[in-house]
Amino acid sequence: MKAKSMTGFGRAQSENEKWTISCEIKALNGRYFEADIRLPKYLNELDSKIRRALSEFLERGTISVNYNIKTNDAPSRIAVNTDLAKEYLNALKHLESSLGLQLSDPMREILKVPDVMGVGEREIGDDFKEEIIKVTLEAAKQLDAFRIIEGQATADKLKQLIESISDDVLIIEHQEGNRREALRERIYGNVLEHIQEQNVDENRLEQEILLYLDKWDIAEEKQRLSQHLDFFIRSLKEEPKGRKLNFIAQEMGREMNTLGVKSNYFPMQECAVRMKEKLEQIKEQVLNLA
């Protein structure tokens, strides 16, 4: 399965002697599927069908769908509601008589009344409706192809960041011996500063130091972080879903934070800061994946 970006653009067009239909779809990041479908008013009945088809195909993102539709058939007939016009005229005459006034232009007042004149309902053939949906899905396919290209570039960037964090884990492992020695010397120095050296029980002190070092052991954190890194790479290849990768990144962050605190050794803490900086880049990139 290929990684897909949530951003993209697609366009499709259909043209014959009856109509010219073009559709443009733009997609931006979004946690859920949201679509702004801008159909002409007389085609609003297609909104739900188009929305359902796009949600199944595009899954996630904020989608904007724009149409440019021209038909070559005769223009819609003008509809005139003569009965309503007569009723309104009679009402105006009654008002003139009751108030003793005379309207200078009754026709102007009548034409202001809603529904007296308007465009009649346009007859829409099934072939026209089907062509609009077909063009929309073709534009969605173009958008999807664009998303795959952008998604692959994002996946490559994510892989590089994960590999770089794996290198940081190896650096931390190589620092383990230096850290243990530094902690040992620090503990010895603190102890000898407060008690007389001849009263020190070397065996007991060594046991206490081992217990202290065990308390600050980071082996489990390193192991879990390495497992999360492997899981991220596998998921990127098998099922590159943005939500899933974001959850894995959150787990990686927890291990990095604990590792930085428990290491109690500046070179390791410095490395942990670098890893968290790369993790923030990963989280930003993951937001772009569908």
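Structure report, in brief.

Procedures and definitions
- Residues numbered from 1 in each chain as written.
- Predicted model: local features only at pLDDT ≥ 70, side-chain atom pairs only at ≥ 80, totals over all residues.
- Heavy atoms only, no water.
- Salt bridge = Lys/Arg side-chain N within 4 Å of Asp/Glu carboxyl O.
- Helix = DSSP H or I, 4+ residues; strand = E, 2+ residues; numbered from the N terminus.
- Buried < 20%, exposed > 50% of the residue type's maximum accessible area, 1.4 Å probe, protein only.
- Axes fitted to C-alpha atoms, helices over the stretch in contact; angles between N-to-C directions.
- Parallel < 35°, antiparallel > 145°, perpendicular 65-115°, else oblique.
- Left-handed = near helix turned anticlockwise from the far one by under 90°.
- Contact = heavy atoms within 4.5 Å.
- Nonpolar A, V, L, I, M, F, W, Y, C, P; charged D, E, K, R; others polar.

Here we look at the pattern of salt bridges
- One pass over the structure, following the stated rule, counts 16 salt bridges.
- Of the charged contacts, one joins D144 and K4 as a salt bridge, the two residues approaching to 3.0 Å between their closest N and O atoms. Note that D144 is positioned in helix α4 (residues 126–174) and K4 in the segment before β1 (8–15), a separation of 140 residues in sequence.
- Measuring nitrogen to oxygen at the nearest pair gives 3.1 Å for the salt bridge that ties R51 to D47. With R51 and D47 both in helix α1 (residues 47–58), this residue pair falls 4 residues apart, about one helical turn.
- For R51, a relative accessible area of 30% corresponds to the partly exposed category.
- Under the relative-accessibility criterion, D47 is labelled partly exposed at 21%.
- Bridged by salt links that share partners, the residues E220, E221, R224, E255 and K262 form one connected network.

Description of the packing of α4 against helix α7 (residues 219–238)
- Direction vectors running N to C along α4 and α7 enclose 160°, while the axes themselves pass 10 Å from each other. In this view, α4 runs roughly antiparallel relative to α7, as classed from their interaxial angle. As α4 packs across α7, the resulting crossing turns out to be left-handed. Here α4 contributes A155, L158, K159, I162, I165, S166, V169, I172 and E173 to the contact with α7, which in turn contributes K222, L225, S226, L229, F232, I233 and L236.
- Looking at the contact of α4 with α7 residue by residue, the classes come out as 11 nonpolar, 2 polar and 3 charged.

Looking at the side chain of H228
- Looking at where H228 falls in the secondary structure, it is placed in helix α7.
- What makes H228 buried here is its relative accessible area of 17%.
- Once residues within four sequence positions are removed from consideration, H228 is found in contact with I248, E251, M252 and E255.

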